[in-house]
Structures are given as C-alpha cells and as structure tokens.
Amino acid sequence: MQRTSLLVFALAFGLVGLASDPASVTAASINYQVPQETAAFRPGPNLDVVRSNCAACHSADYIATQPPMKNKKDFWQAEVTKMIKVYGAPIEDADVGKIVDYLAATY
C-alpha cells in the first residue's frame with residue numbers, strides 16, 4: 001500500500017492520534033481584528049480607473065514600494081502587462097493605457 005493511501009486509511013479509522021468519534025473533535029474559534037488600511041493611491045490622472053482595477057488585488061503600498069526606474073512608462077507598461085498575463089487581472093484593453101499613464105505620472 002502506498003504511503004498516501006495508508007495515511008488516508010489511518011485518518012479514516014482514527015488511527016493517527018484522532019478520536020475515533022468525529023463528533024468529539026472540535027476546533028477553538030479565534031477572534032482577531034484586521035488592521036485598518038492606511039495606504040492610499042496618490043492623486044493623479046485616471047485615479048478612478050486605477051482604484052477600480054488595481055485595488056481589488058493589492059494595496060497602494062504594493063505600487064509605492066516598487067524600485068526606482070529609468071523609464072517609468074516602459075516599467076509600468078510591463079508591470080500592467082504582467083498583472084494581466086501572469087496573474088490574470090481582468091483589466092479591459094481600454095483601461096491599460098489609463099493605468100500606465102497614471103502610474104508613470106504619480107509613482
């Protein structure tokens with residue numbers, strides 16, 4: 001029997017340190033408070049387009065912490081393209097240029 005199958009068998013029959021009665025296994029709830037968002041996108045052209053496209057996945061801190069760049073427009077074009085092609089960001093073609101212009105002008 002393969003190791004994975006043996007583990008599944010052992011778990012199913014309560015042989016790995018678990019009680020044989022599933023009803024006796026409980027988890028304690030944990031209460032915690034999520035910190036309030038402090039980052040804000042800088043004012044600039046097409047800020048509304050940036051907020052509606054970029055803020056769904058990450059904070060403004062992510063943008064502000066990018067390294068210094070020689071050609072801002074090329075850098076941000078590559079970053080927006082990466083967000084779409086690699087991470088699957090659902091950005092409309094009509095918004096790409098607006099986002100790049102905003103980022104190049106404000107960061």
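The rules behind these values
- Residues numbered from 1 in each chain as written.
- Predicted model: local features only at pLDDT ≥ 70, side-chain atom pairs only at ≥ 80, totals over all residues.
- Heavy atoms only, no water.
- Axes fitted to C-alpha atoms, helices over the stretch in contact; angles between N-to-C directions.
- Helix = DSSP H or I, 4+ residues; strand = E, 2+ residues; numbered from the N terminus.
- Parallel < 35°, antiparallel > 145°, perpendicular 65-115°, else oblique.
- Contact = heavy atoms within 4.5 Å.
- Nonpolar A, V, L, I, M, F, W, Y, C, P; charged D, E, K, R; others polar.
- Salt bridge = Lys/Arg side-chain N within 4 Å of Asp/Glu carboxyl O.
- Buried < 20%, exposed > 50% of the residue type's maximum accessible area, 1.4 Å probe, protein only.
- Phe/Tyr/Trp six-rings, centres within 6.5 Å; stacked < 30°, edge-to-face > 60°.
- Left-handed = near helix turned anticlockwise from the far one by under 90°.
- Arc of directions from axis to C-beta.

So, the packing of helix α2 (residues 47-54) against helix α5 (residues 93-106)
Item 1. Where α2 meets α5, the axes come as close as 9 Å, and the angle between the chain directions of the two elements is 110°. Relative to α5, the element α2 is oriented roughly perpendicular. Counted together, Leu 47, Val 49, Val 50, Asn 53 and Cys 54 of α2 and Asp 95, Lys 98, Ile 99 and Tyr 102 of α5 form the full contact between these two elements.
Item 2. Among the residues making up the contact of α2 with α5, the classes are represented as six nonpolar, one polar and two charged.

Some words on the pattern of salt bridges
Item 1. Evaluated as defined, the whole model comprises two salt bridges.
Item 2. Between Asp 101 and Lys 73 there is a salt bridge whose closest N-O contact spans 2.7 Å. Here Asp 101, found in helix α5, pairs with Lys 73, found in helix α4 (residues 72-85); they are 28 residues apart in sequence, far enough to count as distant.
Item 3. On the accessibility criterion, Lys 73 (46% relative accessible area) is partly exposed.
Item 4. Between Lys 82 and Glu 79 there is a salt bridge, and its shortest N-O distance comes to 3.3 Å. Here the residue Lys 82 and the residue Glu 79 both occupy positions in helix α4, the gap between them amounting to three residues, near one helical turn.

A short note on the packing of aromatic side chains
Item 1. Taken as a whole, this structure holds two aromatic pairs when the rule is applied.
Item 2. With a centroid separation of 4.9 Å and an interplanar angle of 80°, the aromatic rings of Phe 75 and Trp 76 are classed as edge-to-face.
Item 3. When the ring of Tyr 102 is compared with that of Tyr 107, the centres are 6.0 Å apart and the planes differ by 65°; the resulting orientation is edge-to-face.
Item 4. On the basis of relative accessible area, Tyr 107 is assigned to the buried category, the value being 10%.

A word on the packing of α4 against α5
Item 1. The geometry of α4 relative to α5 is characterised by a closest axis approach of 9 Å and an angle of 135° between their N-to-C directions. Viewed along their axes, α4 and α5 adopt a mutual orientation that is oblique. Crossing of α4 against α5: the hand is right-handed. On the side of α4, the interface is formed by Lys 72, Lys 73, Trp 76, Gln 77, Val 80 and Ile 84, while α5 contributes Val 96, Ile 99, Val 100, Asp 101, Leu 103 and Ala 104.
Item 2. Broken down by class, the residue content of the contact of α4 with α5 amounts to eight nonpolar, one polar and three charged.

Some remarks on α2
What sets the pattern is the α-helix's 3.6 residues per turn: residues three or four places apart point alike.
Item 1. Turning to α2, its buried residues number three or more, namely Leu 47, Val 49, Val 50, Asn 53 and Cys 54. Seen end-on, α2 carries its buried residues on one side only, within an arc spanning 160°. Projecting away from the buried face of α2 at angles above 90 degrees are the exposed residues Asp 48 and Ser 52.
Item 2. Here the buried face of α2 lies against α5.

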